[in-house]
Amino acid sequence: MRDSDSRPRQIEWTLLFSAAPCRMGAAGRQDLFMAMLTVIWLSLACFPGATSTVAAECPDQIPELQPWNPGHDRERSVHIGRGRALLLTSSATVHSVHISEGGKLVIQDHSEAIVLRARHILIDNGGELHAGSALCPFQGNFSIVLYGRADEGIQPDPYFGLKYIGVGKGGTLELHGQKKLSWTFLNKTLHPGGMEEGGYFFERSWGHRGVIVHVIDPRSGTVIHSDRFDTYRAKRESERLAQYLNAVPNGRILSVAVNDEGSRNLDDTARKAMTRLGSKRFLRLGFRHPWSFLTVKGNPSSSVEDHIEYHGHRGSAAARVFKLFQTEHGEYFNVSSSSEWVQDVEWTEWFQQDKASQSKGGEKISGLREAHPGEICTDGVNLTTEVVYKRGQDYRFVCYDQGQACQSYRVRFLCGKPVRPKLTVTIDTNVNSTVLTLEDNAQSWKPGDTLVVASTDYSMYQAEEFQVLPCKACSTNQVKVAGKPRYLHVGEEIDGVDMRAEVGLLSRNIVVMGEMEAACYPYSHHVCDFFDFDTFGGHIKFALGFKAAHLEGVELKHMGQQLVGQYPIHFHLAGDVDEKGGYDPPTYVRGLSIHHTFSRCVTVHGSNGLLVKDVVGYNSLGHCFFTEDGPEERNTFDHCLGLLVKSGTLLPSDRDSKMCKAITEDSYPGYIPKPRQDCSAVSTFWMANPNNNLVNCAAAGSEETGFWFVFHHVPTGPSAGMYSPGYSEHIPLGKFHNNRAHSNYRAGMIIDNGVKTTEASAKDKRPFLSVISARYSPHQDADPLKPREPAIIKHFTAYKNQDHGAWLRGGDVWLDSCRFADNGIGLTLASGGTFPYDDGSKQEIKNSLFVGESGNVGTEMMDNRVWGPGGVDHSGRTLPIGQNFPIRGIQFYDGPVNIQNCTFRKFAALDGRHTSALAFRLNNAWQSCPHNNVTNIAFEDVPITSRVFFGEPGPWFNQLDMDGDKTSVFHDVDGSVSEYPGSYVTKDDNWLLRHPDCIDMYIQAYKTSNLRMKITKNDFPSRPLYLEGALTRSTHYQQYQPVVTLRKGYTIHWDQTAPAELTIWLINFNKGDWIRVGLCYPRGTTFSILSDVHNRQLKQTSKTGTFVRTLQMDKVEQSFPGRSHYYWDEDSGLLFLKLKAQDEREKFAFCSVKGCERIKIKAVIPKNAGTSDCSAAAYPKFAERAVVDVPMPRKLSGSQLKTKDHFLEVDGKKFSSVEDGIQAVVLDGTHGHVVSHMSFRNAILQGIPWQLFDYVAAMPNNSHGVKGKIHLQGPMDSSAGEARCRQGSQVERENGIHWLQRQLPAHMGDSGHRGPPGQNLPSCAHPGGEEEEAVRAAPPGGPCGRPGQDGWLPSPVQEQLGRPSGSPDGPREGHQTLGLPPSPQRLLQLQGRGTSLLSVPLQGGCGDRARSPGCAGTGPALAGALL
């Protein structure tokens, strides 16, 4: 027995107790220790059942084990066989170890660390290797070090290779380390530098002048008391300071510092009291001098002090002190104090210079200021000297490019702000250390262990490693670690989304590792082109027929090789490894850490039923948790964490763009790589078969994707033939529950794509296993003819993924109770394509939350290229891709897609960047299914202009003129998006805009030559739709996909000769639905027309009828079973058909229950026929009168909307409104209290809005500056800001609503007036008309400050509101320009129920600028909300 051993001892005590009556073989007297051993062994002999129990629990206590100490001999090859059972008792080095033929090697568990070094270890044919067991975990320290280079000329094993632990047929590997918490979550946020992590932080600025004292307990490092003494204001404060200092007991730590000014009334009493404490400079303290002091009362020699004689009001100055102390527990803490004058700086916007300077000596700053008034620093000395120099009396700048003046460049300036005082006192109880507060009990993490804290930002490289330190004061869920965090690591839920960082344990007491060289060497082609370190690590491989394999509590590092098949843990073609395969207990790997690896983490290859649980995979090359060939099923990944997953060279999907272009040996000659299509898919969890379980897992950072379900149409590699073609595309999804993905580049999750299952050839030059297209459509038993079985994704969280939170393509893929935040695009539901083979399937998401830009702002870095304004408040934050990337919540693509009971939070656009809750896949050749629908949607902090975005030409969207861009539409079933129940939401230029009842029609034209189709509605011939076709030009046919409205007439035209063969598919037609079409053909054309039904799954077609020619147009309306009519109007060149569905259709099916109904036209066209565009002859001859078949639904009232209550809040007091309209609250400018408030209903505003103007004109004029906060919340938007002369350009720019200031007067027909007849508001109210130019030209510091910052209306917004609709920089599509005065009724319809924060000064100019750097109006402030 070992006193330190924590393993079960009940059986040993029983043996000792039972020794007396069973004294077989005890001879002679021995010392007590030997007698005790004899009694134990004899007792075991008396109780054979006890022998098996002990052996099962603690393998190193099996009696027949022979101690073994082979020493260190690199040339010795060890074979343990023929029933030998050895107990390794000390470290050893050998060439290799082969355990077989019933041989057994057990590692002794004692206090001495054991290291076994070998080139390889092979276990097969009844051989066993044990270190601990499931019931008796190994408590000591044991390491296996696999050594050797790949280029030493040693012949590799044909199956296992080099540098391996191989478990072959009949082999047993049992490694069971200490049971430790594998990973958990951070439960308190870590801030960069460790601030706010324990200890104390105190900061003051304006309004807290004088001497500030802190009294600190040296035993614990806690603040006992603090006080402020305003020795600037009164001498009695000096007396009070002296009395306070004298009363502090000896031994206490004192921190004393000056904030702002403290010398004016500082008398000798206080100065001498401070001198007695040890200060040498307090006697000379002058006006506004920074001064800081630390001491231990009663020990003047312990004092530290700093003092700066500060003169003037520019630049920064600081007096800083710090001192290290030790608590009664022996732990260190640091006290620091800083007294400062701080001058903050800010960059201006970029100014574009399109040509070289025309003036000698460079460009004048004054000239640039005149061109951009108020936008550049007011004093040249505050400009950075890097770009500005003095010449004469003016500051200038100049740009050179290789000695020549720049012809086109940008310039910006760093401007200094007014100085401000700042005092800080910090007590850091974690000196060069940090305390992590965790979700779970972490007492199993011991000093010396290594942890990794995951990134909670977009970059996975913000993951940080820490080493655990002793900590007596830590609670059970806390650990102290060495060092300070460099990045923000979130430890809380933010805006409803759990963004807590994962914290993984990397250390274990059993270690398997590869011994590495100092640098890379070329054992594999290209390996040193991409890695400068050695990547030839060790690996563990399990073969078919192994007897038992259980690994837990093991650390694997420097494992894996950049060779196919050599991975840290590799189950290779092992078949069923659970009960189904006869394994009891089933095979598992759990509680492992696999880090700093060179090829994957855990590979499951041709194996089923494996349990992978509580495994941490960190800093790996290639897919981390990897299923390989496609037939892998029933494997479970439970509570696994993968992070910092990087690209590798092995497979195309492992490779990044550079690797993809460089490694072409496995492709056919002439192959041109397309990296984003063929490669670039490295993932934390790579699932080659959907029938696997992922539960409670976290993908916390990959160069590409977190979870990727990819499809092998047929099994690949040695698994070929294990299932029939298409099996993996139809097998139902295993359990996918409570998983999370963040900090990934491409996506948190993807269900899409397949891999190329054929070798490279002249027909397809791409390498084997390149990423290709595939579709997922789950059905029972993987049989597409059996009922569909939806793939359920539940409780999935995706945040801070740069491109997508999730991209899901396929048949029935349903999401429930998911959370998406801070992704470039939250979710794209791509369905199975616009014409899916899995007809009748749908995608849906319900009960889920989408957050556009959360309170997790990330960490600003010096080299951070994706930091910029964002969020509802437009403050600085990390951005997913770039400052102008259009952030979207859900993106429609194909369909049908159903969105129900979802909440969208904090989606707000900025100038130059679109943001929207709902959007469409843009630059899209494929139409959107009109059965896409949304129900029960709620918006929080989402302006009405950010609910839906249809795109606009420009960055990210190109010309936005592809076929799908023109047909985007979804059904707002209950009006929760548009506020009109039953409406269809489209772009404002959509050709269906005048009729919501829309369905699809597909037209396939064969043997075309880049034909462009034009389809025209007979009741709106001036707005035709032009379609280029959805397919690539290389196909033998082209497919056109117009979305059309029912019971209407159309004509179809071409920009060349009409195609000789056409097939029209009636997509989404219900029985009895019809449209009438006229197709343009050249004169002299003859036709053969028939109808059929095509079953796409069975690939069967049955003819249903023919069309015969009629000479009467009316007969086209008449049809009989099997017989219909067509009318050929040769004068106009139009062939008329009535297309009517004959069969019923399931709810989400594209085709009928019998198959797809089609009309096939074969035309014999005269040679040399011209362009088939009959528009001129068709209209007005066949024009129809437009009628409204479906009336516009009634708009929902506020009480019917599922949004936040609409109210205006001022300093905590809410002013609610139950009716649509405007609510106004007037604030006293001096004291900030509410003077009055009133609501104006829409009916009043639409009738005689003078009541609003009378109310505004009657406000008193008696105040100087408004203090306090104004918060507005409503169904469309939530805004907040400080109420001063104006309410911040950011809020106004965000909403783009200025109609209270500008539009309402325009509605009255008088754009020049600013108030009721005979009364103009002063110029500060709102620049416009004659007053606008005067205010714009005003110098900085004028009545309204500078335009765009302190002016009433920011210039970009002025330009946007007044710009004509067709101008290049005009308003985005989907929004109507407000430059021209619409009617009041139309205006309110445009703005809906949005809120806008407005603050209007009514009299005079600016107030006391010394007190308020912004423009402070002298009149009351008006806060208005459009409700």
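Residues numbered from 1 in each chain as written. Predicted model: local features only at pLDDT ≥ 70, side-chain atom pairs only at ≥ 80, totals over all residues. Heavy atoms only, no water.

Colleague: Any details on the overall build of the chain? Residues and values, ideally.
Modeller: For the chain, the helix and strand inventory stands at 19 helices and 100 strands. Buried positions account for 57% of the 1427 residues belonging to the chain. Here the analysis covers contacts within the chain between residues at least 6 apart in sequence; of these, 70% occur between residues at least 24 apart. When the accessible surface of the chain is summed, it comes to about 57900 Å², and 50% of that surface belongs to carbon and sulfur atoms. (Helix = DSSP H or I, 4+ residues; strand = E, 2+ residues; numbered from the N terminus. Buried < 20%, exposed > 50% of the residue type's maximum accessible area, 1.4 Å probe, protein only. Contact = heavy atoms within 4.5 Å. Areas by Shrake-Rupley, 256 points an atom, 1.4 Å probe, with all protein chains shown as cover.)

Colleague: Give a detailed account of the packing of aromatic side chains, specifying residues and quantitative values.
Modeller: One pass over the full model with this rule turns up 49 aromatic pairs. An angle of 65° between the planes, with centres 4.9 Å apart, marks the rings of Tyr523 and Phe536 as edge-to-face. On the criterion of sequence distance, the pair formed by Tyr523 in the loop between strand S39 (510-514) and helix H7 (527-530) and Phe536 in the loop between H7 and strand S40 (539-542) is long-range, its members being 13 residues apart. The structure contains a cluster of three or more aromatic residues connected by ring pairs, namely Phe625, Phe637, Phe685, Phe707, Phe709, Phe736, Phe796, Phe820, Phe850, Phe904, Phe907 and Phe939. (Phe/Tyr/Trp six-rings, centres within 6.5 Å; stacked < 30°, edge-to-face > 60°.)

Colleague: Can you explain the state of the cysteines? Please cite residues and give values.
Modeller: In the structure shown here, the tally under the stated rule is seven disulfides. Cys58 shares a disulfide with Cys136; S-S distance 2.2 Å. Measuring the twist about the S-S bond at about 95°, one finds the Cys58-Cys136 disulfide to be right-handed. Note that Cys58 is positioned in the loop between helix H3 (48-57) and strand S1 (66-68) and Cys136 in the loop between strand S9 (128-131) and strand S10 (142-146), a separation of 78 residues in sequence. (Disulfide = S-S within 2.5 Å.)

Colleague: Break down the packing of helix H4 (residues 236-247) against helix H5 (residues 268-277) for me, with residues and values.
Modeller: For any two helices packed against each other, the geometry comes down to the angle between their axes and how far apart the axes lie. At a minimum axis distance of 8 Å, the contact between H4 and H5 shows a crossing angle of 25°. Relative to H5, the element H4 is oriented roughly parallel. Handedness of the crossing formed by H4 with H5: left-handed. Residue-level inspection shows Ser238, Leu241, Ala242, Leu245 and Asn246 of H4 in contact with H5, the latter providing Thr269, Ala270, Ala273, Met274, Arg276 and Leu277. Of the residues in the contact of H4 with H5, the class split is seven nonpolar, three polar and one charged. (Axes fitted to C-alpha atoms, helices over the stretch in contact; angles between N-to-C directions. Parallel < 35°, antiparallel > 145°, perpendicular 65-115°, else oblique. Left-handed = near helix turned anticlockwise from the far one by under 90°. Nonpolar A, V, L, I, M, F, W, Y, C, P; charged D, E, K, R; others polar.)

Colleague: Just give me the short version of the confidence of the model for the chain, but keep the residues and values in it.
Modeller: Low pLDDT marks regions whose predicted coordinates should not be analysed in detail. Mean pLDDT over the chain: 80, with 77% of residues reaching 70 or higher. Below pLDDT 50 for its whole length, residues 379-387 participates in 23 contacts with residues either more than four positions away or in separate chains. Contacts of residues 1262-1427 to residues separated by more than four positions or lying in other chains number 411 contacts, the stretch itself having pLDDT below 50. (pLDDT = per-residue confidence, 0-100.)

Colleague: So what's going on with unusual backbone geometry? Residues and values would help.
Modeller: Here the amide bond leading from Gly895 into Pro896 is cis, since omega sits at 5°, within 30 degrees of zero. In this fold, Pro896 is placed in the loop between strand S70 (887-892) and strand S71 (897-900). Looking along the chain, the bond that leaves Tyr1179 and enters Pro1180 is cis, with omega of 15°. You can see Pro1180 is positioned in the loop between helix H12 (1175-1178) and strand S93 (1207-1210). Here His526, not a glycine, exhibits a phi torsion of approximately 75°, which is positive. Turning to its location among the elements, His526 is positioned in the loop between S39 and H7.

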